[in-house]
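# Descriptive analysis of the structure
Residues per chain, in single letters:
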Amino acid sequence: MTTELPYAADAEVSLSYDELEVLRTQYQKELAQTHVTIQTKFNYAWGLVKSPLKEHQVEGVRLLQDIYRAEPSRRRECLYYLALGHYKMGNFEEAKGFNSLLLEREPTNMQAQSLSTLIERGYKREGYIGMALVGGAAAIGTLLIANLIRRARK
């Protein structure tokens, strides 16, 4: 999934296992002390969203949504990564919604503009796959009907 968009590099670049482990360890340490700072939570969520693993992305989006709801001052920085996380999970409608909110606030934000392009490509790709599935199902249905008609004539 090469983007060819310099500002959307976050869509492809993951942290190494060791880098993510540092963020996870810090988050779990603070969680055990019953006080996780917003910055630690954000850093861990950011690392999870960048992961190629869907379960990491889901957890990262969940953490970002928590921050978005609880910390109005951090909403702007959450919007891009919420959009990115949903894009990576294939939730293009949600991705578009979060990205649109960011673009309303910052119409010249290059990251959000390039992510918007990726989201639109995702919609198109999803549409083509849907059309191919419908076309394939129609072809199979036609073959089955033709076979039934041929058998009925015998």
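Summary of the structure given here.

Criteria and cut-off values
Residues numbered from 1 in each chain as written. Predicted model: local features only at pLDDT ≥ 70, side-chain atom pairs only at ≥ 80, totals over all residues. Heavy atoms only, no water. Core = buried A, V, L, I, M, F, W, Y, C linked by side-chain atoms within 4.5 Å. Buried < 20%, exposed > 50% of the residue type's maximum accessible area, 1.4 Å probe, protein only. Helix = DSSP H or I, 4+ residues; strand = E, 2+ residues; numbered from the N terminus. Expected span 1.5 Å × (residues − 1). Arc of directions from axis to C-beta. Contact = heavy atoms within 4.5 Å. Polar contact = N/O pair within 3.5 Å; in protein donor to acceptor, adjacent residues only side chain to side chain.

Counting residues in each nonpolar core, the largest one holds 31 residues, and the members touching the most others are Y44, L64, C78, L82, L84, Y87 and L115. Element by element, the count of residues in this core is highest for helix 4 (residues 75-89), at 9 residues.

In a regular helix each residue adds 1.5 Å, so 17 residues correspond to 24 Å; helix 3 (residues 54-70) covers 24 Å between its end C-alpha atoms and thus fits that length. If you check which residues of helix 3 are buried, you get H56, Q57, G60, V61, L63, L64, I67 and Y68. Buried residues along helix 3 cover an arc of 165° about the axis, so they all sit on one side. Away from the buried face of helix 3 by more than 90 degrees, exposed residues E55, R69 and A70 are located.

On to helix 2 (residues 38-50), then. Relative to the 18 Å expected for 13 residues at 1.5 Å per residue, helix 2 spans 18 Å between its end C-alpha atoms, a close match to the ideal helical length. Looking only at helix 2, the buried set comprises T40, K41, F42, Y44, A45, G47, L48, V49 and K50. For helix 2, the elements touching its buried residues are helix 1 (17-32), helix 3 and helix 4.

Let us now look at the side chain of K88. Of note, K88 is situated in helix 4. A polar atom in the side chain of K88 sits 2.7 Å from the backbone oxygen of K50.

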